[in-house]
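Observations on the model geometry
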Amino acid sequence: MAARQMNTEAFNAETVRAEFPILATEAHGRPLVYLDNAATTQKPQCVLDVIEHYYRAQNSNVHRGAHYLADLATRGFEAAREQLAAFLNANGKEEIVWTRGTTESINLVAQSWGRKHIGAGDHIVISGLEHHANIVPWQMLCEEKDAELKVIPVTDSGELDMDAYGTLLDGPVKLVAVSHVSNALGTVNPVGEIVRLAREAGAITLIDGAQAVAHMPVDVQALGADFYALSAHKLFGPTGLGALWGRYALLESMPPWQGGGEMIERVSFEKTTYNAPPFRFEAGTPDISGVIALGAALDFVGSLDHDSASAHERDVLDYCVARARQCEGLRLIGDATERLGAMSFVLDAGHPADVGTLLDRQGIAVRTGHHCAQPLMARFGVPGTVRASFAVYNTRADVDALFTGIEKVKTFL
Amino acid sequence: MQAVPEWLKSNPMGVEIGTADVFRELASCQDWETRYQRLLTLAERLPCLPASTRTESNRLHGCQATVWVTHAFDPVAGRLYINCDTDARVVKGLLACVLSGYNAQTLEAVRAFDAKAFLATLQLDDHLVSERQNGLLALVGKVRMLAHRYAA
Ligand SMILES: Cc1ncc(COP(=O)(O)O)c(C=O)c1O
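The sections below set out a description of the structure shown in this document. In this text, all values refer to a predicted model and were calculated from it rather than measured experimentally. (Residues numbered from 1 in each chain as written. Chains lettered and ligands numbered in written order. Predicted model: local features only at pLDDT ≥ 70, side-chain atom pairs only at ≥ 80, totals over all residues. Heavy atoms only, no water.)

**Some points on the overall build of chain A**
- The helix and strand inventory of chain A stands at 14 helices and 17 strands.
- The C-alpha radius of gyration of chain A comes to 22 Å, within 12% of the 22 Å expected for a compact globule of 413 residues.
- With respect to the three principal axes, the spread of C-alpha positions in chain A is 70 × 55 × 35 Å.
- Within chain A, the fraction of its 413 residues that count as buried is 57%.
- For chain A, restricting intrachain contacts to residue pairs at least 6 apart in sequence, the fraction spanning at least 24 positions comes to 71%.
- Only carbon and sulfur atoms are counted for the fraction: they give 51% of the accessible area of chain A, which is about 16,200 Å².
- With 34 positive and 50 negative side-chain charges, chain A shows a spacing of 3 Å between the two charge centroids. (Helix = DSSP H or I, 4+ residues; strand = E, 2+ residues; numbered from the N terminus. Rg over C-alpha atoms; globule rule 2.2 N^0.38 Å. Buried < 20%, exposed > 50% of the residue type's maximum accessible area, 1.4 Å probe, protein only. Contact = heavy atoms within 4.5 Å. Areas by Shrake-Rupley, 256 points an atom, 1.4 Å probe, with all protein chains shown as cover. Lys, Arg positive; Asp, Glu negative; His and termini not counted. Charge placed at Lys NZ, Arg CZ, Asp CG, Glu CD.)

Right, dumping it as structure tokens:
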């Protein structure tokens, strides 16, 4: 694989881009400039190949059939679990539960751990930067259990107010759930500190890592959290797949949340006993090809020289922010010191929806709207923002195209 | 039934500017820039709604931009008057296109107007026309519902 050789050479964005066929396509007859990576990243050829190969040569159900193909599929499936465990520096592959994505991972914790441990009057702390996926499952739980949802306020720069967080921890807090990186603003939250303080207060912690994993190494053991949620499709892998990492002892103490095949040890009409984690939480036939393809996506990430890839990403984002500061009539929404992957803004000239439409017409894909973070938009008093979000294959040329596009938008509005 | 207010009657869509005019303006454009410029010009022809009508109950929900719709039915003439407003100008232009087939029309004409088919002739980008989020489909739904209500 070409990418594998890159460990030995400096980062070459063109080589990386060449692995993503979609980046060479057009939108409205213009070369595609894909700046919507926080919504989903594109997929490298190796991921596409693995999906096709799986259905051509491996397709079979996992953990069931005593035959050649079933064994192939199961081995591929479990090897990917091992790979993701290593990627996150988990204590072992048993700590990785496959889910449909970050959303399902969070719901799993809310429904299984949460329904068992949260009671009337307990507090659950989230932050004002959260994606709806890390708000609504806790609201549902609080409603059911008569518990209270507390929110760490967001400062004008789009960072968490850590003093206020300290004060919230004086309450009867059972769980703290915050994002590693904000999808709407790109703010990198001080999750190490957040987790440390939560542990001191005796609370369990969940980190929503959806926007972190494609941009930075994550070491769940060093982080010290109890749960970490992610989506494969934001990590160059397929859609509809994600994972929950959880401390094994915690997972073991948790009841199942969905019943069916795979998750059981033995079933009779009198009593069913449950399988051990992670299988306890994986009822039904999983997304086998997706899991194996995520393995390929992790190979892709592993093939990059991490330091130079990171430096490249930082350079492109810094360049974008610098251009934004010089752009007349553009207002950055959120201006955190630690920022990764995304930049949000509004233009005086017009509504984000119009800006998005007129950029799209020029082949530039950005996301506009509330980014599934309506409380955050309300906090900044905007109906929504335009968000440019980046992956390792984006370049300064993409940023230049964005700002050329923005100048053109201004001539319309 | 109150008389149709002047600011509603002054909407030129469907009166001075009919569907044929909108079609002529947009479908003939050689490039997208011109088409969007003309769409924005159409948006400017929609009179602004008085602040008193920008109420929660007049809001169209499920749109990225905030869209308000007001209407009045003139039972004597049997015509439905409709106007929309939004802070997003491309969206407003699209809404104006739809109103060229709906505003100041009889209930029969409203029911007979196939907004989606009309929009499809304008050479606009498919996703603009089909996207739920911009309020176009919500407007069509609301107007058809009104036509139904007043016909009863
Ligand atoms: C921070 C964050 N959390 C959760 C999610 C939900 O991810 P998924 O839709 O893959 O479950 C997203 C996706 O946009 C996100 O950015």
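Now that the structure has been shown, the text picks up again.
**Observations regarding the site of the ligand**
Residue and element names in this part refer to chain A.
- For the ligand, the full set of nearby residues is G101, T102, T103, H131, A133, N183, D208, A210, Q211, S231, H233 and K234.
- The side chain of T103 places a nitrogen or oxygen atom 2.6 Å from an oxygen atom of the ligand.
- The fraction of the free accessible surface of the ligand (390 Å²) that becomes covered by protein chains is 86%.
- Residue classes in the shell around the ligand are distributed as two nonpolar, eight polar and two charged. (Near = heavy atom within 4 Å. Polar contact = N/O pair within 3.5 Å; in protein donor to acceptor, adjacent residues only side chain to side chain. Nonpolar A, V, L, I, M, F, W, Y, C, P; charged D, E, K, R; others polar.)

**Things to note about the nonpolar core**
- W98(A), V176(A) and Y228(A) are the most contacted members of the largest nonpolar core, which totals 81 residues.
- When residues in this core are grouped by element, the largest group, nine residues, is from helix α10 (residues 288-303) of chain A.
- When residues of this core are assigned to domains, at least three map to each of domain 1 (13-43 + 305-410) and domain 2 (49-302) of chain A.
- Each residue touching V176(A), except ones within four places of it in the same chain, is listed here: V125(A), Y165(A), L169(A), I194(A), A198(A), A203(A), I204(A), T205(A) and L206(A).
- Within the second largest apolar cluster, 74 residues are counted, among which are L35(A), L332(A), L80(B) and A88(B). (Core = buried A, V, L, I, M, F, W, Y, C linked by side-chain atoms within 4.5 Å. Domains from an automatic or database assignment.)

**Here we look at the pattern of salt bridges**
Residues and elements named next belong to chain A.
- This structure, assessed with the given rule, holds 27 salt bridges over all chains.
- Its salt-bridge partner being R56, residue E52 comes within 2.5 Å of it at the nearest N-O pair. On the criterion of helical spacing, the pair formed by E52 and R56 is a turn pair, its members being four residues apart in helix α2 (residues 45-58).
- Overall, the relative accessible area of 42% leaves E52 in the partly exposed class.
- A relative accessible area of 67% means that R56 is categorised as exposed.
- Residues participating in the shared-partner salt-bridge network are E78, R81, K93 and E282. (Salt bridge = Lys/Arg side-chain N within 4 Å of Asp/Glu carboxyl O.)

**Some points on the interface of chain A and chain B**
- Chain A puts 16 residues into the contact, and the matching count from chain B is 15 residues.
- When the two sides are added together, the surface that chain A and chain B hide from each other amounts to roughly 1,500 Å², 58% of it contributed by carbon and sulfur.
- Counting the surface chain A buries against chain B, the share from its top three residues, H351(A), R361(A) and F412(A), is 41%.
- Along the contact surface separating chain A from chain B lie one salt bridge.
- The partner of K408(A) in a salt bridge is E33(B), with the nearest N and O atoms 2.7 Å apart.
- Across the contact surface, chain A and chain B share five residue pairs in polar contact (both at pLDDT 80 or more).
- Put simply, the parts of the chain that give the side of chain A that touches chain B at least two residues each are α12 (352-360), β16 (367-369) and α14 (396-412) of chain A.
- The dominant element in the side of chain A that touches chain B, judged by the number of residues it contributes, is α12(A), at six residues. (Buried area = accessible area lost by both parts, 1.4 Å probe.)

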